[in-house]
Structure formats: C-alpha cells, structure tokens
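Single-letter residue listing:
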Amino acid sequence: MAEPINVTVTGAAGQIGYALLFRIASGQLLGADKKVKLRLLEIPAATRAAEGTALELEDGAFPALAGVDVFDNPKQAFEGTNVALLVGARPRTKGMERGDLLEANGGIFKPQGEAINAGAASDIKVLVVGNPANTNALIAQQHAPDVPADRFTAMTRLDHNRALAQLAGKLGVSVEALKKVTIWGNHSATQYPDVSHATVNGSSVRDAINDQAWLADEFIPRVAKRGAEIIEVRGASSAASAASAAIDHVYTWVNGTAEGDWTSAAVVSDGSYGVPEGLISSFPVTAKDGRFEIVQGLEIDEFSRTRIDASVAELVEEREAVRKLGLI
Ligand code: NAI
C-alpha cells in the first residue's frame, strides 16, 4: 500500500476549511484511490475548534482518510507535507488600509513560506486561497528559496468556475460544452474574465453570444464582483464554492487538463504576455505530469490588452508595497 499523501490545510477552523476538509477526506482532492493524511494548522485560539472538526472527520469513516493532526505551529504543520492549502489569512477589517492588510498577511505568509522551505516534501505543491491571494502566494514563495518557484500558485479557479457558470446560463448549455475560458491577472475586482478564445460546442463563444455590450458591461463585472454579490445575498462570503474551486485546482494540477482545453490559475510569470517575470498572476494554463504550463501564442486584442494590463498593474503595485514593507 502506498504511503498516504500529507495535505496541510491552514485556517482549518474557518468556513472554507469546514467545507474543504470533508471533500478532501472523501478522496476528491487527489483521486479516491489515494490515501490522505490531514495536517490542520490554526492559530492557538482556534485549535480547539479544529480539533472538533477532526472529531467529525473521524465520524465520517472515510476510507481515503489516513489520519488528522492539529497544529498551531507552522514548522510542524508543514513537516513532510506534499500538498499545502493556505486558506487562513487576515481579513480586511473596517478602517484598515491596504498597507496594513498586506503587513498583517506578511506576518502569516512569510513564516509559512519559511516552514515550507524548511520541512515540506520535495514534491510540495502550494495553493494560496487566503486573500490577497496572489500577493500572499508571492510572499510565501519568496521565503522558500529552495523550493522551485512554480510550486507556488494562487487560486483564480473560483473566478474561472463563476465565468463558466455565467456563460453556460447565457447560452443555455451545460458547462461541459464550454472550453478555453480564461481569467487573467489578480484575484480581485480588476481580474479579466476573457472569452476571446473560448468555444461552445466547438464554435466561438463570442460569435454565439454576439453581444459585446453584454460581455463588457454584464459578464465581466458580474464575475469580477461575484464575491461581493454572494456576501450581499448570503450574508457571508463564499465558502463552499471556494472550497470546491480549491479541490478543482489541485485535482487538475495533479491529474491534468483535458486535451483541447485549459483552466485558469495564478502561477509565477515567466514574462509571457508581457506580465513581469516573477509576479504570481492568473493565466490560461494546461496541466500535465503534475505541472502547470502557461498556454502560449494566444492573440491578445486591444480590449484584452487594456484589461490584462490594468490587473497586472495592480499586482505590480502590491509587489512594490510588500517590498517597501520589507516583506519580500
Ligand atoms: P474565516 O475567517 O472563516 O477562516 C479563516 C481561518 O483562518 C480562521 O479560522 C482563522 O483562525 C485562521 N487563521 C488566521 N490566521 C492564521 C494563521 N496564521 N495560521 C493558520 N490559520 C490562521 O475565512 P474563510 O471564509 O474561510 O476565508 C479564508 C480566506 O479565503 C479569506 O482570506 C478569504 O478572503 C479567502 N477567499 C479566497 C477566495 C479565492 O477565490 N481566492 C474565495 C473566497 C475566500
């Protein structure tokens, strides 16, 4: 029997954690044939709640779950880990400036990057969910110099899934009919959900919709601001959909994308499409043999160029801000 795969989840007692852990335990993160050992990281004030969730996980009697441990120390939580889901983050509270938010998160993601560098397994894969996800991922990556940079990613799969759902609704098709939708840039309101290369049952989505005003004035803002819409309607931020997207991101990373399709993930830029090297920005990506590759050679029209540049400019500003704070 193969050794279980160690999966560390931070923010395990939070609302995304609660939705995520049971999906992982049921075998949906990596495939039901693989056993998983969960390592839950929380702040000391929340370890008791995480232990309560561990009791419930035990009660699930999941065949794929090889055990659950709870930690309040990042060094221990990342020891030997193969997959790290960094969900716990410091939320923006009333009156908090962006600099304060970045600084507070630097205090979380710097030590976590160091702990990953010190003790994670050599095949470590990291997904940052906690916001500001792209820049938190950059901070962690910069403090893990011995880990290949491409093992650090941030989540834009929820935005990707939201885009698929909106397009499927508009076109009256199932999401499976859609291919090659892209989210570019930052996981923020500046993100650019792009259908320029997307197809529906093999034909151009743009032609099928034939309504540029709908795409520019309804689709793009709806996807980019969906998080706020969920808060408004549900009275709490997206949790189960975020957990589901985290499962999708890692499953795709490990098991690959389908032939003729791609997905979206924030990965370290190699300079493709004019995105400055080293930024963790969302791109169209394929996955094969446990690696994401940025899709190359796509034509970028003027509309797309402006939108991509605006979101990337925000990422550059965030990088400058964390540099100034001495966080990277
Ligand atoms: P939550 O507030 O319910 O839970 C966060 C948990 O993280 C808390 O239990 C807290 O104790 C824990 N935590 C804080 N600092 C920690 C540390 N240093 N180590 C370990 N745990 C720590 O928040 P929720 O709803 O679960 O969201 C988590 C994050 O995910 C937020 O930053 C949220 O903005 C982000 N998010 C990202 C999405 C994306 O698409 N990338 C979508 C939805 C949410």
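Residues numbered from 1 in each chain as written. Predicted model: local features only at pLDDT ≥ 70, side-chain atom pairs only at ≥ 80, totals over all residues.

The cut-off we apply is this: UniProt positions are given in the numbering used here, feature names are shortened, and annotations may be inferred rather than shown by experiment.
In the nomenclature of an unreviewed UniProt entry, the protein is known as Malate dehydrogenase of Actinoplanes missouriensis. Under the Sequence similarities (unreviewed entry) heading, UniProt states for the protein: "Belongs to the LDH/MDH superfamily. MDH type 2 family." Comment text from UniProt for the protein, heading Catalytic activity (unreviewed entry), reads "(S)-malate + NAD(+) = oxaloacetate + NADH + H(+)".

## Examining the overall build of the protein
Formally: Each helix is a run of H or I in the DSSP string that is no shorter than four residues. Each strand is a run of E no shorter than two, and both are numbered from the N terminus. Note on method: radius of gyration uses C-alpha positions; expected globular size equals 2.2 Å times residues raised to 0.38. Here a residue counts as buried when 20 or more other C-beta atoms sit within 10 Å of its C-beta, as exposed when there are 12 or fewer, and as partly exposed otherwise, the C-beta atoms being derived from the backbone.
Across its full length, the protein holds 11 helices and 14 strands. Computed over the C-alpha atoms, the radius of gyration of the protein is 19 Å, within 12% of the 20 Å expected from 2.2 N^0.38 for a compact globule of 328 residues. Oriented by its inertia axes, the alpha-carbon framework of the protein measures out at about 55 × 45 × 40 Å. Looking at the protein residue by residue over its 328 residues, the buried ones come to 44%.

## Digging into the UniProt feature "binding site: NAD(+)" (unreviewed entry) in the protein
Here is the rule we go by: C-beta atoms are placed from the backbone for every residue, and two residues are taken to be in contact when these atoms lie within 7 Å.
Those places that UniProt annotates as "binding site: NAD(+)" (unreviewed entry) correspond, in this numbering, to Gly11, Ala12, Ala13, Gly14, Gln15, Ile16, Gly17, Asn105, Gln112, Val129, Gly130 and Asn131. Assignment of secondary structure puts Gln15 in helix α1 (residues 15-25). When the 16 C-beta atoms within 10 Å are taken as the criterion, Gln15 is described as partly exposed. What Gln15 contacts, discounting residues up to four positions off in sequence, is Ala236 and Ala239. For Ile16, the contacting residues outside a window of four places in its chain are Gly11, Val87, Val129, Ala239, Ala242 and Ala243.

## Side note on the confidence of the model for the protein
Note the cut-off: Think of pLDDT as the predictor's per-residue confidence, scored from 0 to 100.
Put simply, the protein has an average pLDDT of 97, and 100% of its residues get 70 or more. Predicted as a complex, the structure gets a pTM of 0.98 and an ipTM equal to 0.99.

## Thoughts on the site of the ligand
So the rule is basically this: Only the C-beta atom matters for this test: placed from the backbone, it must lie within 6 Å of a molecule or strand for the residue to be near it. Residues are grouped as follows: Ala, Val, Leu, Ile, Met, Phe, Trp, Tyr, Cys and Pro are nonpolar; Asp, Glu, Lys and Arg are charged; every other residue, Gly included, is polar. Bear in mind that the domain bounds are from an automatic or database domain assignment.
Near the ligand you find 27 residues, and of these Gly11, Gly14, Ile16, Gly88 and Ala89 are the closest. Take the shell around the ligand: its biggest share by element is three residues, from α1. Broken down by class, the residue content of the shell around the ligand amounts to 15 nonpolar, 11 polar and one charged. Both domains that meet at the shell around the ligand, namely domain 1 (5-154) and domain 2 (157-318), each give it at least three residues.

## Remarks on the environment of Pro4
Its location among the elements puts Pro4 in the segment before β1 (5-10). Judged by local crowding, Pro4 falls into the partly exposed class, with 16 C-beta atoms found within 10 Å. Separated by 23 residues in the primary sequence, Pro4 and Gly27 have C-alpha atoms spaced 12 Å apart. In this structure, Pro4 is in contact with Lys35, Val36, Lys37 and Ala66, ignoring residues within four places of it in sequence.

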